[in-house]
Amino acid sequence: MTSPIDISEEEALGRVVGEILSAGKTLSRKTLCYELLKKLDETEESSVKKHYSNIFKKLLSC
């Protein structure tokens, strides 16, 4: 399995979406933004934080 440090931005997004769906939540921009903010707060690895931050910025620019 790929370590969190080695994942791409797309893989990071896929994991967050998978976690949302696995929890039985509805996938929406609001839910995705909330989960990304939570991940940004919990994650200590700078490269992973950068992925989450980039994804969050893209969601807000749509």
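So, here's what we can say about the structure.

Calculation notes
- What you see as residue numbers is a count from 1 along each chain, following the sequence as written.
- With the structure being a predicted model, the display of local features is reserved for residues of pLDDT at least 70 and the display and counting of side-chain atom pairs for 80 or more, all residues being used for whole-chain, interface and lining totals.
- With hydrogens and water excluded, all non-hydrogen atoms of the structure serve as input to the side-chain values.
- Strands are runs of DSSP state E lasting at least 2 residues, helices are runs of H or I lasting at least 4, and numbering of each runs from the N terminus.
- In a helix, the anticipated span is given by 1.5 Å times the number of residues less one.
- Residue exposure (1.4 Å probe, protein chains only): buried if accessible area is under 20% of the type maximum, exposed if over 50%, otherwise partly exposed.
- The arc refers to the directions leading from the helix axis to the C-beta atoms.
- Throughout, a contact is declared for two residues whenever any of their heavy atoms are within 4.5 Å.

## Comments concerning helix 1 (residues 9–22)
- Helix length check: helix 1 (14 residues) gives 20 Å between terminal C-alpha atoms against 20 Å at 1.5 Å per residue, within 8%.
- Among the residues of helix 1, those classed as buried are E9, A12, V16 and I20. Along the long axis of helix 1, the arc covered by the buried residues comes to 75°, so they all point the same way. Opposite the buried face of helix 1, by more than 90 degrees, sit the exposed residues E10 and S22.
- Of the surrounding elements, those touching the buried residues of helix 1 are helix 2 (29–42) and helix 3 (46–61).

## A short note on helix 2
- Between its first and last C-alpha atoms helix 2 spans 20 Å; for 14 residues at 1.5 Å apiece the expected length is 20 Å, and the two agree.
- Those residues of helix 2 lying buried are T31, L32, C33, E35, L36, K39 and L40.
- For helix 2, the elements touching its buried residues are helix 1 and helix 3.

These results come straight from atomic positions and should not be treated as a statement about function.
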